[in-house]
Amino acid sequence: MRYRHLTTVTLALGVVLLVDVLRVFLPAVITIFGQAASTPAELLGAFAFGWFLLALAAPALIRRVGARPVTLVAAVLLVVARLAVNGQPGGRLQLWLATAGLLAGLVWLAGAAAGTDRPVPGLALGLAVGAVLHTVLDTYRSAFFGDWPAWLAAVGVAGLFLAGQARPAPPAGTGGVRSWLLAGPALLLAGMVALSPAVARTAMSYQFGLLRSDPADEVGVATVPLFGPAPLAVAVGGFLLAALAPPRRGAWRWLGPVALVGGAVLVALGRGELLLPAVLLTAVGLGACLASAGAADGRGDDGADQARTPVPDGAGQDPARAAGGAADPARGGGDGQDPARAAGRRGYAAVAGMLVFAVAAVAYYSAYDLGHPNAGVPVAVAVLVAAVALARRPTPGPARSPLPPVWTAATAAVVTLLAAVASDELLSATNRDGPPETVRVAAYNVRMGFGMDGRFDPDALARAVAGADVVALSEVDRGWLLNGGHDTLDLLAERLDMPYVFAPAADPLWGDAVLSRWPLDAARTRPLPAVGAPTGAQALGVTVNFSGGVRLAVVATHLQPPPGEDPVVQARAVADFAVRYAAGRPLVVAGDLNTEPGDPAFTEFTRAGLVDALAAARPLPTSPADTPRQQIDHVFVTPDLAAGDAAAPPGTASDHLPVAVTLTLPPA
C-alpha cells in the first residue's frame, strides 16, 4: 500500500475509533457520572469538558518525547479501552473505560496531526465510514459489540489500525493547521446532523411517514417512514465527493460555506419538516469546506506554496522529522519553517478543534437543563467552519487526493443505501380481525433508552412493555449525539413490531410517542406552556382505529414543571386539549405527569371528568426504578372504559417503571 493510502486509511480508522468512544463517553457522563436531571448540568459539563482540556498537554508531550512513540502508545490505549468497554456495558467501570479511551483518542489525534499535513482525505473517509457502520448496526450496536464474529472483526480492524500506526510516517510539510482545526467542528456537525443515520430516518419520518390521516392533522408529527435512513446515502456520497474533489475557485468557492451555514440555519429553526434539506445541505457544505481548508493548507503557514514530492516509506526522511522531534530549522520544510514547530501547531490545532466540539456540545445540550437559547450553536459552529475554509485561497495546484473522488463517493453511497435498506424494517398495523373486547395500555418514560446502570438496552425496554397493545412513551430520543446518536423509537418499535407516531417536545429529535398494534390516525400535537421549565413539553393526540366503528383516543404527554413545582398549568392544558380532541370518544391520557395523587396537577385531570385507571392498585410508585417512591407515571381514562389488572412491572431498563392497565372497550 502506498504511503499516502496507508496514512489516509490509518487516520480514517482512528477517527472511527474516536467517534465510537465518544458515542459511549457522552451518554455515560449523563447516565453514570450523573443521574440526568438530579445532577447539576454545570457539573456534568465541567466533567466532560475537563478531559478535552487536559488533552492540551499532548502537543507539549509530543514535542518533548516525539510524535511516533506518543502516537503509538495512545493508539494502543485507545484500542484497548474501546475493546474493554464491550465487557462492561454499563456501570462506573464503563464510564472510566470510555474516559480513558477518550483521552487516549485525543492524544492520538494530536500525534496524528503532528505527523500529517494533509488530513482531509483521512478525516472525511473516517467520518463517512463511521456513518456507514452506524447505519449497518441500525444506530444501536457499536462496531465492537456482539458475538464472536463481531469480536473477530473488531480485532481485525484494531489490528489494521495499529499496524498502520506502527509504520514510519512520511515527511510532513508545514501546512495542515486549518484542516486539523476543523476536525472537531466537522465531527460535531457530522454527528449532530450531516452524517447521522438516526437523524436521516427521523427526517424521513417527518416528510414521508405512512400515517393515514388528513394532512392538516400531521403537521409537527413524525410517523414510520417509507424509506428509512436512505437519504443518508446521498448525504455520505455528497460529503465525500465534495471533500475529495478539487475545491471550487473564484466566486464558486462560496457555495460550500453557504450550503453549510444554510443547513445549520434550517437545524436552528427546529422544525421537523426542515430536517431532510438540513441533512443534505450540511453534508455537502461540510465536505466542500474541508476541501477548501485542505487546499489552502497547501500554501503552508506562511502562505508559500508547498511543493512536496511523495517518497516511499522511510526513503530520504530526516529521522528527527519522522520521529516528530525537533528538526534542524535550517533544513526547513521546503518553505523555510521549522518542521517541529509546524508539527506542534498542528497538534494544538487538532486539540483546539476538539475543544470547540466539547464547548459546542455542552452549550447545545445543556440548554435543556439550564434553559438558555441554543439554536445558534450549530449556526455558530458552521460559521466558524466556513470562515476557516474561506480565510485563504487554495493553492494553484493542490496535491491530488489519495482517493478517487467520484469512485469513492459512489461506492460509499451504494454501500450506505444497501445498509439502510437492510437495517430498516417496515412496520405495519392491521385491524382486519375486528375490534377487540379489551386493550392493554402502557405508559413508559424510557430516559432515552438508558437504564439505571447507564446501559443502552432497547431489548430490555421492549420486555418491560411486552404484552401491551398501545404504548405511550416519554423522553424518546431520535438521534441526539449526546446520547450516542441512537433512534430509540425505531429500535423499540421494531422489537415490539408496532408502528408509531412521534411528536417533538424539546427539538425535532426528542419528545413523546404512541405505538400501537392497530392503525393510528388523526394525529395532532399541541405545545404546552413552558412555565419556566427549560425542557419543552407537548401533548400528542392519536386515534386508534379498531374497525367496526370502534375508536380510542389516546393522548401521550410528559409534563415538565420547573424543579420543585407542581405542573398544574401544563396539566390543565393537557386535560383541555385531550377532552376536545376526543370529542366524545373513549379517551386515554397517559405518560410521565410528574405529579402524585392529591396534588393540584393530578386534580386537574379528575376535574376534567377523567378517572385514575391505576386507582385499584395504589400505591403504585414508579420512580426511581431501583427504589420506587414516587407515583408520577399515570393513566387516566374516561368513565366508559373499565380498568383492571393495573401494574408497574419491576426493572431498571429506565429510571422509571412502566405502568400498564387493561381497558374494556365500550361497544360501538
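In this convention, every chain numbers its residues from 1, walking through the sequence in written order. A pLDDT threshold of at least 70 governs which residues receive local features in this predicted model, and a stricter bar of 80 or more applies before side-chain atom pairs are shown or counted, although totals over entire chains, interfaces and linings include all residues. Heavy atoms throughout the structure, all of them, feed into the side-chain values; hydrogens and water do not.

Visitor: Can you explain helix α12 (residues 255–268)? Please cite residues and give values.
Guide: Along its 14 residues, α12 runs 20 Å from first to last C-alpha, staying within 8% of the 20 Å computed at 1.5 Å per residue. Those residues of α12 that sit buried are Gly-256, Pro-257, Ala-259, Leu-260, Gly-263, Ala-264, Leu-266 and Val-267. Contact between two residues is taken to exist if any of their heavy atoms lie within 4.5 Å; hydrogens are not considered. Secondary structure elements are defined from DSSP: runs of H or I of at least 4 residues count as helices, runs of E of at least 2 residues count as strands, and each element is numbered from the N terminus. Residues of α12 that are buried sit in contact with α9 (183–194), α13 (275–296) and α17 (376–390). Once α12 ends, the next one or two residues include Gly-270, with phi positive near 70°. Expected helix span is given by 1.5 Å per residue-to-residue step, counting one fewer step than there are residues. Accessibility here uses a 1.4 Å probe with only protein chains present; expressed as a share of the type maximum, an area under 20% marks a residue as buried, one over 50% as exposed, and anything in between as partly exposed.

Visitor: Any details on the side chain of Thr-408? Residues and values, ideally.
Guide: On the secondary structure map, Thr-408 appears in helix α18 (residues 405–423). Thr-408 has contacts with Leu-240, Leu-244 and Leu-403, leaving out every residue within four places of it along the chain.

Visitor: Mind laying out a nonpolar patch on the surface, listing which residues take part and the relevant values?
Guide: A cluster of nonpolar residues, Phe-208, Leu-210, Leu-226, Phe-227 and Leu-426, forms a patch on the protein surface that exposes about 490 Å² of accessible area. Relative to the assigned elements, Leu-210 resides in the loop between α10 (197–207) and β1 (222–223). Each patch is assembled from residues with relative accessible area greater than 30% and no salt bridge, linking like charges that lie within 9 Å and nonpolar side chains (Val, Leu, Ile, Met, Phe, Trp, Tyr) that lie within 5 Å. With residues, only the protein chains shown are counted as cover, and all accessible areas are computed by Shrake-Rupley using a 1.4 Å probe. Should a side-chain nitrogen of Lys or Arg be within 4 Å of a carboxyl oxygen of Asp or Glu, the pair is scored as a salt bridge.

Visitor: Residues and numbers for the sheet that holds strand β6 (residues 520–527), please.
Guide: Read from one edge of the open sheet, 6 strands run β6-β7-β8-β9-β11-β10, paired in mixed fashion. Edge positions in the sheet fall to β6 and β10 (611–612), since each of these pairs with one other strand and no more. Between any two strands, pairing holds if DSSP finds at least two bridges. Bridge analysis of β10 against strand β11 (residues 633–637) gives 2 bridges, and the strand direction is antiparallel. From the neighbouring strand, Asp-612 faces β11, where its bridge partner is Phe-636.

Visitor: Lay out the nonpolar core in plain terms, naming residues and giving numbers.
Guide: By convention a nonpolar core is built from buried Ala, Val, Leu, Ile, Met, Phe, Trp, Tyr and Cys residues, the set being connected through side-chain atoms within 4.5 Å. In this structure, Phe-52, Trp-180, Leu-195 and Leu-473 are the most contacted members of the largest nonpolar core, which totals 152 residues. Of all the elements, helix α1 (residues 3–33) adds the most residues to this core, at 16 residues. Ignoring anything within four residues of it in the chain, the contact list for Phe-52 reads Leu-22, Phe-25, Leu-102, Leu-106, Val-351, Met-354, Leu-355, Phe-357 and Ala-358. In terms of nonpolar packing, the next biggest core, distinct from the first, is built from 37 residues, Val-470, Val-501, Val-554 and Leu-614 among them.

Visitor: So what about the side chain of Gln-631? Which residues, and what values?
Guide: In this fold, Gln-631 is placed in the loop between β10 and β11. Residue Gln-631 is classed as buried on the basis of its relative accessible area of 13%.

Visitor: Describe in detail the packing of α12 against α13, supporting the description with residues and values.
Guide: A pair of packed helices can be characterised by two numbers: the angle between their axes and the separation between those axes. In this analysis an axis means a line fitted to C-alpha atoms, helices contributing only their contacting stretch, and an angle means the value between N-to-C directions, from 0 to 180 degrees. For the pair α12 and α13, the least separation of the axes is 7 Å and the interaxial angle reads 145°. In this structure, the crossing between α12 and α13 has a hand that is left-handed. Of the residues in α13, those in contact with Gly-256, Pro-257, Ala-259, Leu-260, Gly-262, Gly-263, Ala-264, Leu-266 and Val-267 of α12 are Pro-277, Ala-278, Leu-281, Thr-282, Gly-285, Leu-286, Ala-288 and Cys-289. Among the residues making up the contact of α12 with α13, the classes are represented as 12 nonpolar, 5 polar and no charged. A crossing counts as left-handed when the near helix is turned anticlockwise from the far one by less than a right angle, and as right-handed when that turn is clockwise. Note on residue categories: nonpolar means Ala, Val, Leu, Ile, Met, Phe, Trp, Tyr, Cys or Pro, charged means Asp, Glu, Lys or Arg, and polar means any other residue, Gly included.

Visitor: Account for the packing of aromatic side chains, naming residues and giving values.
Guide: The pairing test for Phe, Tyr and Trp rings, Trp by its six-membered ring, is centres within 6.5 Å, and the orientation test on the planes gives stacked under 30 degrees, edge-to-face over 60, and tilted for anything in between. In this structure the tally under the stated criterion is 17 aromatic pairs. A centroid spacing of 4.1 Å and a plane angle of 15° characterise the contact between Phe-33 and Phe-47, whose relative ring orientation is stacked. With Phe-33 in helix α1 and Phe-47 in helix α2 (residues 41–54), the pair connects residues that are 14 residues apart, well separated along the chain. A relative accessible area of 13% means that Phe-47 is categorised as buried. Note on criteria: charge over ring means Lys NZ or Arg CZ within 6 Å of the ring centre, with the direction from the centre no more than 35 degrees off the ring normal. Sitting above the plane of the Phe-502 ring, Arg-478 keeps its charged end 5.4 Å from the centroid. Of note, Arg-585 hangs over the ring of Tyr-581, and the distance from its end group to the ring centre comes to 5.3 Å.

Visitor: Give me the lowdown on the pairing of strand β3 (residues 470–477), citing residues and values where you can.
Guide: Burial within β3 is extensive, with 8 of its 8 residues counted as buried. Bridge count for strand β2 (residues 438–445) against β3 is 5 bridges, and the pairing is parallel. Among the inter-strand pairings, Val-441 is bridged to a residue of β3, identified as Val-470. Classification remark: right-handed applies to a crossover when, strands pointing away from the viewer, the course from the first strand over the helix to the second runs clockwise. The handedness of the β2 to β3 crossover, carried by helix α19 (residues 458–464), is right-handed. Where β3 and strand β5 (residues 510–516) come together, 6 bridges link them in antiparallel fashion. The residue of β5 that forms the bridge with Val-470 is Ser-516.

Visitor: So what about α10? Which residues, and what values?
Guide: Of all 11 residues that make up α10, 10 are buried, and the element is covered over most of its length. Listing the buried residues of α10 in full gives Pro-197, Ala-198, Val-199, Ala-200, Arg-201, Thr-202, Ala-203, Met-204, Ser-205 and Tyr-206.

Visitor: Tell me about the confidence of the model for the protein, and please be specific about residues and values.
Guide: Confidence of the predictor in every single residue is expressed as pLDDT, which spans 0 to 100. Per-residue confidence for the protein gives a mean pLDDT of 87, with 89% of residues at or over 70. In the model, residues 301–305 has pLDDT below 50 throughout and makes 17 contacts with residues more than four positions away in sequence or in other chains. Across residues 307–336 the pLDDT falls below 50, and counting only partners more than four positions away or on other chains, this stretch makes 53 contacts in the model.

Visitor: Could you give an account of the pairing of β5, with specific residues and numbers?
Guide: Counting buried positions over the 7 residues of β5 gives 7, a clear majority of the element. Between strand β4 (residues 500–507) and β5, which pair antiparallel and follow one another directly, the connecting turn spans 2 residues.

Visitor: How would you sum up the sheet that holds β5? Please name residues and give values.
Guide: If you walk across this open sheet you meet the 7 strands as β1-β4-β5-β3-β2-β13-β12, and the pairing is mixed. Strand pairing shows two members of the sheet lacking a second neighbour, β1 and β12 (642–647), which therefore form its edges. Here 6 bridges tie β4 to β5, and the two strands are oriented antiparallel to one another. The residue of β5 that forms the bridge with Pro-504 is Gly-511.

Visitor: Now, about unusual backbone geometry: what can you tell me, with residues and values included?
Guide: Cis geometry marks the peptide bond from Arg-618 to Pro-619, where omega comes out at 5°. Examined against the element boundaries, Pro-619 turns out to sit in the loop between β10 and β11. The omega angle of the peptide bond from Ser-623 to Pro-624 is -10°, so this bond is cis rather than trans. Relative to the elements of secondary structure, Pro-624 occurs in the loop between β10 and β11.

Visitor: A description of the pattern of salt bridges should follow, citing residues and the corresponding values.
Guide: Applying the stated criterion across every chain yields a total of 13 salt bridges. Two residues, Arg-495 and Asp-459, come together in a salt bridge whose shortest N-O distance is 2.8 Å. Residue Arg-495 is located in helix α20 (residues 488–496), and its partner Asp-459 is located in helix α19; the two are separated by 36 residues in the primary sequence. Here Arg-607 makes a salt bridge to Glu-604, at a shortest N to O gap of 2.7 Å. Note that Arg-607 and Glu-604 are positioned in helix α22 (residues 600–607) at a spacing of 3 residues, about one turn of the helix. For Glu-604, a relative accessible area of 10% puts it in the buried group.

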